[in-house]
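# Commentary on secondary and tertiary structure
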Amino acid sequence: MVKSLSITFIFAAFFAQFLVSCSLKYDSPSQSEEFAPEFMFKEAQYITVEDGKTSTFLTAKTLERYKDGKATYGQNVTFKTFDKDGKAESEGKCGLLSSNSKNDTYVLYDDISITNTKEDISITADVLKWNGKSEQLTSDRNDLITVTKGKTIIQGSGFSASGISKKYSFTGTVTGIAQTDENQGEDDDSQEIADDENQ
């Protein structure tokens with residue numbers, strides 16, 4: 001199912017600006033110097049300034065940077081992005097953030113919530129992957145993602161979104177409620193959405 005609702009993702013702007021390599025590296029059992037963090041920041045704040053104005057504001061309970069200069073992990077991360085006039089554009093949070101600056105890839109885990117106030121759209125998920133080179137935001141095939149735009153709420157699996165076309169799609173089952181006409185009465189102002197991957 002492909003939706004043509006315009007969506008402006010903050011990922012490109014946010015992750016392009018988040019150039020530090022910090023991370024909580026849980027994927028390696030070895031505690032040798034090679035796998036130990038080079039830097040560890042507690043209660044960290046990261047601010048990006050462009051033309052004298054804050055463009056990104058990030059906080060994390062813990063940020064770690066590794067000696068390879070590529071791996072980045074953050075715990076309990078929150079962030080906000082601002083437009084060129086300094087107005088809040090989007091905000092989000094996740095339990096864990098993993099990034100690889102060499103590949104320009106980022107993975108968000110646990111209690112993910114991203115809202116773009118300008119587009120009145122929000123996404124919630126447990127795992128999301130962002131590829132900065134292709135500007136693609138994806139989920140795993142069976143992960144459920146919830147997209148809310150205005151009074152329309154869609155939940156589905158196999159989520160994919162393009163930062164270039166500003167469109168998103170689901171390859172798996174999709175359910176939800178869509179506002180069809182703001183002028184209709186309360187009893188029939190919405191319709192249920194149900195779609196499976198075979199339709």
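Residues numbered from 1 in each chain as written. Predicted model: local features only at pLDDT ≥ 70, side-chain atom pairs only at ≥ 80, totals over all residues. Heavy atoms only, no water.

### Some points on the overall build of the protein chain
Inclusion rule: Numbering of helices and strands runs from the N terminus; a helix is a DSSP stretch of H or I covering at least four residues, while a strand is a stretch of E covering at least two. Each residue is assigned to one of three classes by its accessible area relative to the maximum for its type, calculated with a 1.4 Å probe on protein chains only: buried under 20%, partly exposed between the two thresholds, exposed over 50%. When checking whether two residues touch, look at their non-hydrogen atoms; a contact exists if any pair is within 4.5 Å. Computed by Shrake-Rupley with a 1.4 Å probe, the accessible areas treat only the displayed protein chains as cover when residues are assessed.
Counting its regular elements, the protein chain contains one helix and 14 strands. A burial count over the protein chain gives 40% of its 199 residues as buried. A separation of at least 24 residues holds for 44% of the contacts in the protein chain among residues at least 6 apart in sequence. Counting every atom, the protein chain has about 11100 Å² of accessible surface; 47% of that belongs to carbon and sulfur.

### Observations regarding the confidence of the model for the protein chain
Our working rule: For every residue, the pLDDT score states the predictor's confidence, bounded by 0 at the bottom and 100 at the top.
When pLDDT is averaged along the protein chain, the result is 78, and 72% of the positions lie at 70 or above. Of the regions scoring below 50 in pLDDT, residues 1–23 engages in 90 contacts with residues more than four places distant in sequence or in other chains. Predicted confidence for residues 184–191 stays below pLDDT 50, and this span has 14 contacts to residues more than four positions away or in other chains.

### A short note on the packing of aromatic side chains
The criterion, for reference: Two rings from Phe, Tyr or Trp (for Trp, the six-membered ring) form a pair when their centres sit within 6.5 Å of each other. Planes less than 30 degrees apart are called stacked, planes more than 60 degrees apart edge-to-face, and all others tilted.
Evaluation of the coordinates by the stated rule reveals five aromatic pairs. On the numbers, 6.2 Å between centres and 20° between planes, the contact of Phe39 with Phe41 is stacked. Residue classification places Phe39 among the partly exposed residues on the basis of a relative accessible area of 41%. Exposure remark for Phe41: the relative accessible area of 36% places this residue in the partly exposed category. Aromatic pair Tyr66 and Tyr73: ring centres 6.4 Å apart, planes at 80°, arrangement edge-to-face. Residue class for Tyr66 comes out buried when judged on its relative accessible area of 2%. For Tyr73, a relative accessible area of 15% puts it in the buried group. An aromatic cluster is present here, built from Phe159, Tyr168 and Phe170 joined pairwise through their rings.

### Examining the pairing of strand E9 (residues 144–149)
What counts is decided by this rule: Only strands joined by at least two bridges in the DSSP assignment are considered to pair.
Pairing between strand E7 (residues 121–131) and E9: four bridges, direction antiparallel. Paired with Thr124 across the two strands is Thr146, which belongs to E9. The pairing of E9 with strand E10 (residues 152–157) spans six bridges and is classified as antiparallel. Residue pairing across strands places Val147 opposite Ile154, the latter belonging to E10. Where E9 folds back onto E10 in an antiparallel hairpin, the turn is made up of two residues, including Gly150, whose phi is positive at roughly 60°.

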